[in-house]
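So you can see what is in the structure, the chains are spelled out below.
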Amino acid sequence: MKPSPAASAPAGHGPASAPVDLLRRLRARGAGDPVTHVERVPARAGVPAPWPPWAPTELRAAFARRGVVAPWRHQAEAATLAYEGGHVVVATGTASGKSLAYQLPALATLLADPRATVLYLAPTKALAADQLRAVAELELEGVRPACYDGDTPRAEREWIRRHSRFVLTNPDMLHHGILPGHAQWSGFLRRLAYVVIDECHTYRGVFGSHVAHVLRRLRRQCARFGATPVFVLASATSGDPATAAGRLTGLPVTAVTEDASPRGGVTFALWEPPLLPPDSGSSSPVPPQATGDHDDLHQVRRSALRETADLLADTVSEGVRTLAFVRSRKGAEVVAANARRALDDAVPGLGDRVAAYRGGYLREERRELERALLHGDLLGLASTNALELGVDLVGLDAVLICGYPGTRASLWQQAGRAGRSGQEALAVLVARDDPLDTYLVHHPEAIFGAPVEATVLDPANPYVLTPQLACAAAEAPLTPADLALFGDGAKEAVDELVAAGALRQRPTGWYWRHRERPDVDLRGEGGAPVCVVESSTGRLLGTVDGGSSHFLLHPGAVYLHQGVSYVVDELDLADGCALVHAEEPDWSTHARDVTDLSVVSVRSYVDAGPVGMFLGEVDVTSQVVSYQRRRIATGEVIDTRPLDLPTRELRTVAVWFTLSPQSLTSAGVQTSDVPGALHAAEHAAIGLLPLMATCDRWDIGGLSTALHPDTEAPTVFVYDGHPGGAGFAERAYGTASAWLRATRDAIAECGCETGCPSCVQSPKCGNGNNPLSKPDAIRVLDVVLANLPT
Ligand SMILES: [Zn+2]
Ligand SMILES: [Zn+2]
């Protein structure tokens, strides 16, 4: 069966063998077989439960009109726990109907008590919009659900505050808008019965720690008005959801984890793009065999972006409705553009059925793309993870995941997009040239066997706690009783704010002294987002978070928006704005930074003979200093251009290990090769840390040196890229031997000879990946592993 390219109905309602056949055709197209593993995730039958006796007939009938005849067992269990007043987290798979688990108790309460209100928090506006649609479609009398976010017109806001009883928003709006304006919200907060926190596993690291305090601020305001709402959380499956939800809310939370929903089978393929011949990435006319000098030659894999674009074009040309997840906004634009080009070459006009989607688009653009995919005007969509979070798209037959998305929870969330309506589907993980991806496609047990990792957050980080206490004090004076609510370190943080003149202590508590509210960004040290503005028209194209702006919006950077390419003329950090003009050069840009590091204090260490393993505070100074221009078609480096951007300073937490020079000599590492050995081990270790902790490799930095002044030994540092740390380095220290074992295996198992981006090269290395010694990195890690207790 081969649907015609113009087929408008979703494909995939064919036999169970359809995804297997599709995969067979996809893998037969190139030379060699890129598939390293195929896992068949079998279909599962659902276990229904009766409607809970407390669920009103009117509500049951409303759900029945939407096709819900009875809840699944986990939905009924979680709903009843919440209805009876317990805080609950439901942690089950994608498309398992987590929303019914909170809609049922929340809406039953709204129907029973005409004054009660519900606050729903989503990490993305798209998810909130989707939930709004779902609740509005129930057409329940008097609920008046409404989204209240940055897109909500001013004119509608007062109406929502006064009349909506089901407000959907996000943590940023709660932090910047609702809590500081609690006086205007007092009617709503006084009657607040439920707080729903959807996709709560996304609140991790520094952002998660901030959100934890925003929720404590919410609880404090509710308590001032006499309300004690029940918290209902929804999470992707994870290692210990009750503990993570408890840390996030500060409340005891019961977990419901037995997924009783049915699902179709998924054929899951791990796909490793082939290594290219050593110099095929350059435009050099010299054939590969004629070049004897390997020093300047970097063997590379075919890029995951190009591989994903080809796969997307192939599936769309077969009429298969496909979603491609690409980690970066740039990447999603490139995949969509390349797939469109390939399709138009085959059938002019067919490229129109592929588009790109990412979070930074303006409201109208986002809605239009969601609608087009829902209605089948689009067959292929390349998206960043903005679409990962529960937007209710049905009828997807294939999901392409371009690069491991950083956590197993995200991977399953993305793969779970396929086969939503119960049909058989295909998921393909395309490995990037990255050490973690290399490890995973050769260790399928790490994906299909191991439990998902626990969510890491640290509300006690003083860089989070102190500004959050300032926000709380600006909302209402802090009392001694409040300090217990905010947890460990709250008293020290308050003392610091008093000493800094921000708070004044009076007999009744601590008072905020300034007229303006504190300016606190929930997303870490990044500062306010930078606006991207087209200089000729003044049009706002989108926004980029402050932390990424030095990398993405430096002068000369190529910035892609909806497939249209812009070049940055000026980055004005003071105004938080980048001026760009439309231009389509045939190169991409890649920024690099340099780093300096000093040890402030040691928190914990392991003395393992010639090897030392440490956890402690460090000061890091980093600066984006230059950028490379590379040909889009070949990846060839055109040139490297200097940049003049300010340094960024960071007091954070690091894990580091030292080795004695003698142990390196005995292991066969020449003194002259020590810097290259440590540098290569550092790059790969950074790349593998996301296997152990719920972090992104871009959240982590590193530094290696043959002699560090503070340790007086050859040393490799890996640090949290956020002020005060976010728990990542701490997790690395706690799992050091497993982490470095995986690092060693990823390097050893890479098929390249002298090191490549799949093992020891780093795309953001400030030293241009020089020096690097792949074989000596394995020797260094063998010395560490031989001495370190497991
Ligand atoms: Zn390699
Ligand atoms: Zn480096």
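Residues numbered from 1 in each chain as written. Chains lettered and ligands numbered in written order. Predicted model: local features only at pLDDT ≥ 70, side-chain atom pairs only at ≥ 80, totals over all residues. Heavy atoms only, no water.

Enquirer: How do you make sense of the sheet that holds strand β19 (residues 558–561) when you look at a structure like this?
Expert: Strands belonging to one sheet form pairs held by backbone hydrogen bonds; the direction of such a pair is parallel or antiparallel. Taken in spatial order, the five strands line up as β18-β17-β21-β20-β19 in an open sheet, and their pairing is mixed. Here the strands that pair on one side only, and so sit at the sheet edges, are β18 (540–544) and β19. Each neighbouring strand pair of the sheet contributes to a mean axis angle of 35°, computed without reference to strand direction. Inspection of the sheet shows strand β17 (residues 530–534) paired to β18 by four bridges, in the antiparallel sense. Its bridge partner being in β18, C531 is matched across the sheet by T543. The sheet strands contacting helix α12 (residues 329–346) are β18 and β19, and the helix crosses β19 at an angle near 65°. (Pairing = 2+ DSSP bridges. Helix = DSSP H or I, 4+ residues; strand = E, 2+ residues; numbered from the N terminus. Axes fitted to C-alpha atoms, helices over the stretch in contact; angles between N-to-C directions. Contact = heavy atoms within 4.5 Å.)

Enquirer: Mind showing me how you'd approach empty space enclosed by the protein here?
Expert: Over the atoms rolls a probe the size of a water molecule, and its path tells where empty space is left. Applying the stated rule across the entire model yields five cavities of 30 Å³ or more. A volume near 90 Å³ is recorded for the largest cavity. As for the largest cavity, its lining consists of V89, C200, H201, Y203, S235, S238, P241, A244, A245, L248, T455 and L457. A per-class count over the lining of the largest cavity returns eight nonpolar, four polar and no charged. (1 Å grid on protein atoms, 1.4 Å probe; cavity = no way out; pocket = protein on both sides within 12 Å on 5 of 7 lines; lining within 4 Å. Points joined across faces, edges and corners; volume = space filled by probe spheres on them. Nonpolar A, V, L, I, M, F, W, Y, C, P; charged D, E, K, R; others polar.)

Enquirer: Help me out: how do you make sense of a negative patch on the surface in this one?
Expert: Taken together, the side chains of D569, E570, D575 and E583 define an acidic patch exposed on the protein surface. Locating D575 in the fold gives a position in the loop between β20 (564–572) and β21 (577–582). The exposed category is assigned to D575, whose relative accessible area is 61%. (Patch = residues over 30% accessible without salt bridge, like charges linked within 9 Å, V, L, I, M, F, W, Y side chains within 5 Å. Areas by Shrake-Rupley, 256 points an atom, 1.4 Å probe, with all protein chains shown as cover. Salt bridge = Lys/Arg side-chain N within 4 Å of Asp/Glu carboxyl O. Lys, Arg positive; Asp, Glu negative; His and termini not counted. Charge placed at Lys NZ, Arg CZ, Asp CG, Glu CD. Buried < 20%, exposed > 50% of the residue type's maximum accessible area, 1.4 Å probe, protein only.)

Enquirer: Would you explain the packing of helix α17 (residues 462–475) against helix α19 (residues 490–499) in this entry?
Expert: A pair of packed helices is captured by two measures, namely the crossing angle of their axes and the spacing between those axes. In the contact formed by α17 and α19, the axes pass within 9 Å of each other and the chain directions differ by 65°. One element, α17, and the other, α19, form an angle in the roughly perpendicular class. As α17 runs across α19, the sense of the crossing is right-handed. Of α19, the residues touching α17 (which contributes L465, T466, L469 and A470) are A490, A493, V494, E496 and L497. (Parallel < 35°, antiparallel > 145°, perpendicular 65-115°, else oblique. Left-handed = near helix turned anticlockwise from the far one by under 90°.)

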